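# Coordinate analysis (summary)
Okay, here's what each chain looks like letter by letter:
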Amino acid sequence: MTLPAGVQRREFDGEERLATRGEPVYGEPTVEGWRLWDARRSKVAAMLEAGVDTGLSGGDSILYLGAASGTTVSHVADFTGPTYAVEFAPRPVRDLIGVAESRDRLFPLLADARRPETYAHVVESDLEAIVQDVATRGQATVAVRNRQFLADDGRLVAAIKARSEDVTATPESVFDDALSELESTYEVLETTRLDPLHEDHLGIVARPR
């Protein structure tokens, strides 16, 4: 599978690993300006390692939902264009602001991804991709509500965490319910389980209907 422009496989300790070019964020090793993108700490990296065609391209405009303290979104912003990073919790946003200081295309937003109307005045429309990793109930609903920002030929790249939806249900039933809801708004192109790197997570790539 072809990696997005700006993502390469580089050698770290004798092993070929994913890497992006940028300032280190979380103590990750670097080689000649390339920073290790650890798939054990990033669902997007895990999807790329699994051979998923995410549809992400170098220079894409991105809405990243669930940015947390910036581990994955920092790598995404290394190779994409304007990246709007939405995070609900104030403490991680403070870290995210620090990450953005060395990335002029990364824009942290303290906001609730379940309420896109609160940041619609800031985020541009017709974005190339939405990347979603929100650990909250109603993950498919979040993707549906944020579709308004996505270009008609854009991509949704999402990781659904089963335990955030229902700890009593099987992951398979949670994933089936999420896909059923997504299909009202998106055409699902590819799914893959992210175990064992991310237990009980489903990676999804979709495009708007």
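Below is a short write-up of the structure. (Residues numbered from 1 in each chain as written. Predicted model: local features only at pLDDT ≥ 70, side-chain atom pairs only at ≥ 80, totals over all residues. Heavy atoms only, no water.)

### Looking at the overall build of the protein chain
Operational definition: A run of DSSP states H or I qualifies as a helix once it reaches four residues; a run of E qualifies as a strand once it reaches two. Both are numbered from the N-terminal end. Throughout, the radius of gyration refers to the C-alpha atoms, and the reference size of a globule is 2.2 Å times the residue count to the power 0.38. Throughout, exposure labels follow a simple rule: accessible area from a 1.4 Å probe, protein chains only, divided by the maximum for the residue type, with under 20% read as buried, over 50% as exposed, and the rest as partly exposed. In this analysis, two residues are considered to be in contact whenever any of their non-hydrogen atoms come within 4.5 Å of each other. Per-residue and other accessible areas follow the Shrake-Rupley method at a 1.4 Å probe size, with only the shown protein chains counted as cover for residues. Neither His nor the chain termini are counted; the positive set is Lys and Arg, and the negative set is Asp and Glu. For this purpose, a charge sits on NZ of Lys, CZ of Arg, CG of Asp or CD of Glu.
Each helix and strand counted, the protein chain has six helices and eleven strands in total. Rg of the C-alpha trace for the protein chain: 16 Å, near the compact-globule value of 17 Å for 209 residues, within the 12% margin. Along the first, second and third principal axes, the C-alpha set of the protein chain runs to 45 × 35 × 35 Å. Buried positions account for 52% of the 209 residues belonging to the protein chain. By sequence separation, contacts in the protein chain at least 24 residues apart represent 55% of the contacts at least 6 residues apart. Total accessible area on the protein chain stands at roughly 9,500 Å², and carbon and sulfur atoms take up 44% of it. Distance between charge centres in the protein chain, computed from 23 positive and 36 negative side chains, equals 3 Å.

### Describing the packing of aromatic side chains
Put simply, the rule reads: Working definition: a ring pair exists when centres of Phe, Tyr or Trp rings (six-membered ring for Trp) sit within 6.5 Å. Plane angles under 30 degrees give stacked, over 60 give edge-to-face, the rest tilted. Should the NZ of a Lys or the CZ of an Arg lie within 6 Å of a ring centre and within 35 degrees of the ring normal, that charge is described as sitting over the ring.
Throughout the structure, instances matching the rule amount to three aromatic pairs. When the ring of W37 is compared with that of F79, the centres are 6.1 Å apart and the planes differ by 45°; the resulting orientation is tilted. With W37 in the loop between strand 4 (34-36) and helix 1 (43-49) and F79 in helix 2 (residues 71-79), this pair connects stretches of sequence that are 42 residues apart. Of the residues examined, W37 reaches a relative accessible area of 1% and is grouped as buried. Its end group placed over the ring of F88, R114 keeps NZ or CZ at 5.8 Å from the ring centre.

### Thoughts on helix 3 (residues 90-100)
Spelled out, the test is: Each direction from the helix axis to a C-beta atom contributes to the arc, which is the arc of those directions.
Taken together, the buried positions of helix 3 are P92, V93, L96, V99 and A100. Down the axis of helix 3, the buried set is contained in an arc of 105°. They therefore lie on one face. Residues of helix 3 that are exposed and point more than 90 degrees away from the buried face comprise R91 and R94.

### Considerations on the pattern of salt bridges
Just so we agree on the cut-off: Salt-bridge detection follows one rule: a side-chain nitrogen of Lys or Arg within 4 Å of a carboxyl oxygen of Asp or Glu.
The final tally for this structure, using the stated rule, is 17 salt bridges. Put simply, R9 and E49 hold a salt bridge, and the shortest N to O gap is 3.1 Å. With a gap of 40 residues between them, R9 in strand 1 (residues 7-12) and E49 in helix 1 connect regions that are remote in the sequence. Notably, a salt bridge pairs D200 with R193, separated by 3.6 Å at the nearest N-O pair.

### Considerations on the sheet that holds strand 7 (residues 106-110)
Defined as follows: Each pair of strands is called paired provided DSSP finds at least two bridges between the two strands. Lines fitted to C-alpha atoms define the axes here, with helix axes fitted over just the stretch in contact, and angles between the N-to-C directions of these axes take values from 0 to 180 degrees.
Strand order in the open sheet made by the seven strands is 7-6-5-8-9-11-10, with mixed pairing throughout. Taken across any chain shown, the strands that pair with only one partner, and hence form the sheet edges, are strand 7 and strand 10 (186-193). Between one strand axis and the next, the sheet turns by 15° as a mean value, whatever way the strands run. In the sheet, strand 6 (residues 83-87) pairs with strand 7 via five bridges, with the strands oriented parallel. From the neighbouring strand, Y84 faces strand 7, where its bridge partner is F107. Sheet strands touched by helix 6 (residues 171-182): strand 9 (150-161), strand 10 and strand 11 (201-208). Its angle to strand 10, the strand with the most contacts, is close to 160°.

### A closer look at the sheet that holds strand 4
With antiparallel pairing, the four strands of this open sheet are ordered in space as 1-2-4-3. The outermost strands of the open sheet, each flanked by one partner alone, are strand 1 and strand 3 (30-31). The sheet strands contacting helix 2 are strand 1, strand 2 (15-21) and strand 4, and the helix crosses strand 4 at an angle near 150°.

These figures come from the coordinates and say nothing about function on their own.
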